[in-house]
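Chain by chain, the residues run as shown.
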Amino acid sequence: MTLDQLRAVPGNSLKARHVAEYLGMNQQARAHPEMLGFPVSCYRNEGSVTWHCLIPKDAFIAWATGQACGKEECP
């Protein structure tokens, strides 16, 4: 998946699978979202055992293009 494809995803957020495909890795957001350099919201519906994670699209694209550095200061 490319940045242009991420930009074209409908809505304001990306699913963990979109970001994982772009980064070329598996979906780690559920296990340790605080270790990523971009915002992640994880939730579980009542009665469900499945976690879902959403990533704000604009924030992720800013991070991916070097326009944002998450919790760290930009070099």
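Our structure's up above, just so we're on the same page.
Residues numbered from 1 in each chain as written. Predicted model: local features only at pLDDT ≥ 70, side-chain atom pairs only at ≥ 80, totals over all residues. Heavy atoms only, no water.

## Thoughts on the packing of aromatic side chains
By the definition in use, this model includes 4 aromatic pairs. Relative to Phe 60, the ring of Phe 38 lies with its centre 4.8 Å away and its plane at 85 degrees, an arrangement referred to as edge-to-face. In this pair, Phe 38 sits in the loop between helix H2 (16-23) and strand S2 (41-44) while Phe 60 sits in helix H3 (residues 57-64), placing the two residues 22 residues apart along the sequence. Measuring from centroid to centroid gives 5.5 Å for Phe 60 and Trp 63, while their planes differ by 35 degrees, and the two rings are tilted. A residue pair is termed a helical-turn pair when its members lie 3 or 4 positions apart in one helix, as Phe 60 and Trp 63 do in helix H3 at 3 residues. (Phe/Tyr/Trp six-rings, centres within 6.5 Å; stacked < 30°, edge-to-face > 60°. Helix = DSSP H or I, 4+ residues; strand = E, 2+ residues; numbered from the N terminus.)

## Observations regarding the pairing of strand S3 (residues 51-56)
Note that strand S1 (residues 13-15) and S3 share 3 bridges and pair antiparallel. By the bridge assignment for S3, Leu 14 is matched with Ile 55. In terms of strand pairing, S2 meets S3 through 4 bridges, oriented antiparallel. When the bridges of S3 are listed, Cys 42 appears paired with Cys 53. Here S2 folds back onto S3 in antiparallel fashion, the turn holding 6 residues, of which Gly 47 has a positive phi close to 85 degrees. (Pairing = 2+ DSSP bridges.)

## Side note on the environment of Leu 3
Within the element layout of this structure, Leu 3 appears in helix H1 (residues 3-8). When its relative accessible area of 17% is taken as the criterion, Leu 3 is described as buried. Spatially, the C-alpha atoms of Leu 3 and Tyr 22 are 7.6 Å apart, while their sequence positions differ by 19 residues. Ignoring any residue separated from it by four or fewer positions in sequence, one finds Leu 3 in contact with Tyr 22, Ile 61, Ala 64 and Thr 65. (Buried < 20%, exposed > 50% of the residue type's maximum accessible area, 1.4 Å probe, protein only. Contact = heavy atoms within 4.5 Å.)

## Details of the environment of Leu 14
Note that Leu 14 resides in strand S1. Here the alpha-carbon distance between Leu 14 and Leu 54, two residues 40 residues apart in the chain, equals 5.7 Å. Not counting chain neighbours up to four residues away, the residues in contact with Leu 14 comprise Leu 6, Val 9, Val 19, Cys 53, Leu 54, Ile 55, Lys 57 and Phe 60.

The values reported here are purely geometric and, on their own, carry no functional implication.
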